[in-house]
Amino acid sequence: MRALRKAAISVAAILMIPASTSIAQNVQPIEYTLDNGMKFLLMPRDEQPNVITAGWIANVGSVNERPGITGVSHFLEHLLFKGTDTVGTSDAEQDQVFRDQLTAVRKNMRAYTLDVQYQRMYRGEIENPWDPANDTDELREMRSEMTRLQDEQSQITIKNEFDSLYTGNGGSGMNAGTSQDFTVFYINVPSNKLELWAWMESDRLISPSLRELDAERFVVIEERRQRLEATATGKLGEQFDSMFWVASPYNWPVIGWMSDLMSYTEGDIREYFETYYQPANLTGVIVGDFDPADAKQLVESYFGRIPNRRPKAAPLATYSVPLLGEIRFSGECDCQNQVEVRYRSVPFGHPDEAVFDVMADLLNGRTGRLYKSLVEDQGIATGANASNRAQHYAGSFSFSARPKGNVELAELEAAWYEQLELLKTELVSDRELQKVKNGQAADTFRGLQDNSSLFFQISITEAYGGYEYLNEHPTRIAAVTAEDIMRVANEYFSADARAVASYTRRGGAEEVLLTIDDVRDSLPEDMVEMVVPQLEMQITALASETDASGLQAQLDEMEAQQGMVPPQFQTAMKFVKQQIEKRISEIESGSDSAEQGGDE
Amino acid sequence: MRSLITTTCALMCIGSGALAVAADIPTHPADISFEELNFTPPSPSDFRNELSNGVPVFMASSDEFPLVTITLSFKGGAYMEPDGMAGLAAMTGAMIRTGGSSMMSPSDMDEEFDFMAANVSAGIGDRNANATINCLTSNLDDAFGLFMDMVQQPRFDSDRLEVLRGQQLEQIKTRDDDGLQIALREMNFLMWGEDFFEARQPTKSSLESISVDDMRAFHASIFNPANMMVSVTGDFDESTMLSFLEKSFQGWESGARSPEIPSPTHTFTPGVYYYEKDQPQVQVLIGHRGVQRDDPNAPAVEVMNDILGGSGFTSRITNSVRTREGLAYTAGSVMRSRVEYPGMFMSYFFTKVPTTALATRLVFDEIDTIQNEAATTDEVETIQNNIIETFPRTFESKGATMGLFMSDERTNRPAGYWENYRERVRSVNSQDVQQAANDYLHPEDAVILIVGPWEEIKKGNSESEADEARIATMEEFFGGKATQIPTRDPETLKPVESQD
């Protein structure tokens, strides 16, 4: 029930053959397609006896939504744990009556809210049109009718029966995840319980009840609060994403906008289900200790029953438009200062994807370029890393870093552009490239050692276009050359097609005053002797300065030039600015001991 | 398993339409008959070897992938930190890995491991320390020599130390950014006392005071064969591996054994505590001391907590707070056991500001119910079946199994514990569950810890709820009395003076 954000599930590569070993790996699941179009990939494996990881993936995610129903993929994923026509109720017939009545009330409430309550909001009479505290008499009446129906229905509801049936039979780790591109459901079951899995999963694909919809709506809203609103950079990151993707449907959050979360009705959700959860849009994946012949029979009798209720869903028409300029976003939060620079890269399976992956590895890790340069040599960051995220319809490549001490975010950004310049102008050495490839090769084996990791790799690559990727990508990694890296760096990382986000600590107004020692530490060694004495003289001269407006003019000029000052002089510049500001306030307050850094 | 006739029909009928097949499918999963799952837990003695210096080695090989993993595990950890040096254990562990070795500078060592694609880690936790290498079997000879140099003679390079110290100092500035982090920290402080190792937190001054000499001494007191056990998994030959280890550890002096783990002396005062933070969602923890690992009632306590809040959707707190009322995405309870002393029971949920009191009431109601009414046989059986049926997963991976055997030997887990585990769980009945709820849950002596905007939380949902039957305020708990935990400076953890 997680909304998968960022690269929550990374797809490791497979089939790299390091020079030192002759063992080849190949992921070859047994492929099997039912008459209704549902595909199965079976991967028997006896290294972990008695257990199976089983699940299925649907080619649907938030990209398939539209304004008004954002978050519905994720919400539907939640509702698919609410039982079926028969599981979760003691009286299926009566339950259906309640569901129909609730649907009708909910529809009326929505129509009324979108009309009357939204108007009241637009006119400034109320803040939140969905808050029960703002109910009109009519709405209050509808709400109490809904509560009455819910209370009555709950008399015949068997709460969480879907979960209990698995739990009591040794199912564990039951969960699901929704991303922008796919929705995946999975569980671990003992080897003798594969039929239970087939029963449960096919049943929820045939007749999901979508019961307890309203209570679940509030659960998802709490999830939204927990993940986005109560986390340090959550809400800001959501808006940055939105700016970055422009036209692409990646521009809204997987969990949905709050207004939409409040508004969907059962009809919206059922229609979405019938469109995207047809067998022809699903792939089942089973990994672990089982007999494939038995599994085929189970799968055929259980999943073969699922009807295709609608014509095949139309493929996505909107593709992302390129960035035509630089986007800058800055915001304050209860967070450590941090900066991100993000570019468009390529979709999953694009020939350049492997080049971006190698590039990220070159930059990351303790022997990667970012750590060596920003953390160790320059000492300006506590951490820095790069990541490439190739998604179904587009990709992004990000640099992000957190400063050390009082270092300005602009300095980290400048340090990244220097690294980028190196990638654009100098070929990577053979040894550096080989190191990355060796690491990738060993990681291919590491990623295959566990049933659930194998399950995710197979199912997600399949949703993105075919599990064969797992066997092809390592070959592509092995083929990446130093020239490829230089070409890709030049082609994709341009200054007028990037997005930069700066997050700074809220209330960070009490700026720490820099000292001349801070400046000394920040300068390249050979510059210290030249710059520091000069600065000290300037500061001394400043003490006798009495023209506040002249100083202010100097300050303004410095602000204007800030962008042109090389990163190694940023601290020195900030120091001078602080000293001037201090002098101005001393002059203006008519004292020589003006207070510093007062809280607002 | 399905009968032959059903199977045949399934194969033949599939072409002729879905309905024919559907007829063979049981109408409810309770009607499916499952084959018995035969599982006997592995016995440590089948995997245990001993080197000539007395160091136990647990080995399990597999040739699925050309990788090998060797873990050296040591008794010793943060509980041994001297006063004023909180953070020494974690920093020493990190520096062993990142600070170079006698043979190589830090960056050369990192470069060498990376080029060989060897994943190497080292760390010192609360109670145990470890160092692990995972690499291609073909690289083991080369990589292990360097690994052992790192473990035995870490360099503690001073430049790397300053990088790490800088990171730690930045890290502690973020301590109050996340409400859950605050809640867990303050709960541990209240429960164990600020100086007990389970609760202790590094501060600016403790981090700044840690020197290379402190780390050398701390490393020497833990990383020696007297404290060590070894596990090996992956692709290797067992007898070759034993002599390889024997040779690699030759001449390593045994040293002194780490002291025993201390017990807490702190007593806590029950009541409502709050920590002011302006946020839309509130974190609530309700806790008190829990159970000891080898307590004879531990199986009943485990079943009881799983019914109450420890088994996800199937448990009562989740059902009530999340499923029925929609007040939280995360809600449940944990019963943490400790070997040396009772651990901690804790119920938790995160909810929006106005429903904090209502959700708290629901949790107390569930505790009250499990203490005063016998759980149904169905509920008890569902949990028992779950524990029993998922039992094989404890031994799912060879690495985890070897790790468990090392930990069991170090903590003197009673012999036959795993062999009889399922029977002990099976023998728990409804009365035992109720008895355990009364003996091990103490709502009247609990700490309720709340992080959020207190003035609003206090009022509960009296102003915002349309439904009068659901109104709850914090007046309901401990006579409406609440203690404010002063906001702390994240770097020093000392109370900061009020800004207004």
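Residues numbered from 1 in each chain as written. Chains lettered and ligands numbered in written order. Predicted model: local features only at pLDDT ≥ 70, side-chain atom pairs only at ≥ 80, totals over all residues. Heavy atoms only, no water.

**What to know about the overall build of chain B**
- A count of helical and extended segments in chain B gives 18 helices and 13 strands.
- Within the span of chain B, comprising 500 residues, buried residues form 54% of the whole.
- Nonlocal contacts in chain B, meaning residues at least 24 apart in sequence, comprise 80% of its contacts between residues at least 6 apart.
- Distance between charge centres in chain B, computed from 39 positive and 76 negative side chains, equals 3 Å. (Helix = DSSP H or I, 4+ residues; strand = E, 2+ residues; numbered from the N terminus. Buried < 20%, exposed > 50% of the residue type's maximum accessible area, 1.4 Å probe, protein only. Contact = heavy atoms within 4.5 Å. Lys, Arg positive; Asp, Glu negative; His and termini not counted. Charge placed at Lys NZ, Arg CZ, Asp CG, Glu CD.)

**Thoughts on the interface of chain B and chain A**
- Counting from both sides, the interface comprises 80 residues of chain B and, opposite them, 84 residues of chain A.
- In total, chain B and chain A occlude about 7,600 Å² of area from one another, counting both sides; carbon and sulfur atoms represent 55% of this.
- Applying the counting criterion to the chain B and chain A interface returns 12 salt bridges.
- With its nearest N and O atoms 2.2 Å apart, the salt bridge here joins Arg-160 of chain B to Glu-376 of chain A.
- The element that contributes the greatest number of residues to the side of chain B that touches chain A is helix α6 (residues 158-173) of chain B, accounting for 7 residues.
- When its residues are assigned to classes, the side of chain B that touches chain A shows 31 nonpolar, 27 polar and 22 charged. (Buried area = accessible area lost by both parts, 1.4 Å probe. Salt bridge = Lys/Arg side-chain N within 4 Å of Asp/Glu carboxyl O. Nonpolar A, V, L, I, M, F, W, Y, C, P; charged D, E, K, R; others polar.)

**Section: the sheet that holds strand β11 (residues 395-403) of chain A**
All names here are of chain A.
- Taken together, 5 strands build an open sheet; the order of strands is β8-β12-β9-β11-β10 and the sheet is mixed. Every other strand in the sheet has two partners, leaving β8 (327-333) and β10 (381-390) as the edge strands with one partner each. Across the sheet, the mean angle separating the axes of adjacent strands is 15° when strand polarity is ignored.
- One ladder, built from 6 bridges, connects strand β9 (residues 338-344) with strand β12 (residues 498-505); its direction is antiparallel. The residue of β12 that forms the bridge with Glu-340 is Ala-501.
- Lying over the sheet, helix α13 (residues 409-425) contacts β8, β9, β10, β11 and β12, oriented at roughly 35° with respect to β9. (Pairing = 2+ DSSP bridges. Axes fitted to C-alpha atoms, helices over the stretch in contact; angles between N-to-C directions.)

**Topic: empty space enclosed by the protein**
- This structure, assessed with the given rule, holds 3 cavities of 30 Å³ or more.
- Here the residues of the lining of the second largest cavity are counted per class, giving 3 nonpolar, 4 polar and 5 charged. (1 Å grid on protein atoms, 1.4 Å probe; cavity = no way out; pocket = protein on both sides within 12 Å on 5 of 7 lines; lining within 4 Å. Points joined across faces, edges and corners; volume = space filled by probe spheres on them.)

**Comments concerning the domain arrangement of chain B**
Residues and elements named next belong to chain B.
- Domain boundaries in chain B define domain 1 (1-35), domain 2 (48-248) and domain 3 (271-484).
- A separation of 32 Å is found between the C-alpha centroids of domain 2 and domain 3.
- Between domain 2 and domain 3, the residue contacts involve 36 residues of the former and 28 residues of the latter.
- Overall, the association of domain 2 and domain 3 removes approximately 2,600 Å² of surface from exposure, summing both partners, and the carbon and sulfur fraction of that is 70%.
- Put simply, domain 2 and domain 3 have 3 salt bridges between them.
- Residues Glu-340 and Arg-127 are paired through a salt bridge, measuring 2.7 Å at the closest nitrogen-oxygen approach.
- Residue assignment for the side of domain 2 that touches domain 3 shows that the elements contributing at least two residues are β2 (56-61), β3 (67-75), α7 (179-192) and β6 (228-234).
- Examining the composition of the side of domain 2 that touches domain 3, we find that 12 residues originate from one element, α7, more than from any other.
- Its residues placed into classes, the side of domain 2 that touches domain 3 shows 18 nonpolar, 10 polar and 8 charged. (Domains from an automatic or database assignment.)

**A few points about the domain arrangement of chain A**
Residues and elements named next belong to chain A.
- For chain A, the assigned domains read domain 1 (34-81 + 159-321), domain 2 (89-157), domain 3 (327-505) and domain 4 (516-589).
- One C-alpha centre belongs to domain 1, the other to domain 3, and the line joining them spans 29 Å.
- Contact residues are listed per partner, giving 38 residues for domain 1 and 39 residues for domain 3.
- Between domain 1 and domain 3 lies a buried interface of about 3,200 Å² when both sides are counted; carbon and sulfur atoms form 67% of it.
- Looking at the side of domain 1 facing domain 3, the largest losses of area belong to Leu-236, Phe-240 and Phe-244, adding up to 21% of the total buried there.
- Inspection of the region where domain 1 meets domain 3 yields 2 salt bridges.
- At the boundary of domain 1 and domain 3, one finds 13 residue pairs in polar contact (both at pLDDT 80 or more).
- For the side of domain 1 that touches domain 3, the secondary structure elements donating two or more residues are β3 (39-44), β4 (51-58), β6 (183-190), α7 (234-245) and β7 (282-288). (Polar contact = N/O pair within 3.5 Å; in protein donor to acceptor, adjacent residues only side chain to side chain.)

**Regarding the state of the cysteines**
Residue and element names in this part refer to chain A.
- Applying the stated criterion across every chain, the model contains 1 disulfide over all chains.
- Paired through a disulfide, Cys-333 and Cys-335 show a sulfur-sulfur distance of 2.2 Å. An S-S torsion of about 65° defines the bridge between Cys-333 and Cys-335 as right-handed.
- A relative accessible area of 5% means that Cys-333 is categorised as buried. (Disulfide = S-S within 2.5 Å.)

**Topic: the environment of Glu-260 of chain B**
All names here are of chain B.
- Tracing the chain through its elements places Glu-260 in the loop between α10 (238-248) and β7 (271-276).
- When the C-alpha atoms of Glu-260 and Ile-222 are compared, they prove to be 12 Å apart, with 38 residues separating the residues in sequence.
- The residues touching Glu-260, leaving out its near neighbours within four places in the chain, are Lys-75 and Tyr-79.

**Some thoughts on the pattern of salt bridges**
- Applying the stated criterion to the full structure yields 68 salt bridges over all chains.
- Taking the shortest distance from any N to any O, the salt bridge between Lys-277 of chain B and Asp-334 of chain A comes out at 3.5 Å. You can see Lys-277 of chain B sitting in the loop between β7 and β8 (281-289) and its partner Asp-334 of chain A sitting in the loop between β8 and β9, one on each of two chains.
- One connected set of salt bridges, linked through shared partners, spans Lys-82, Lys-159, Glu-212 and Glu-216 of chain A together with Arg-322 of chain B.

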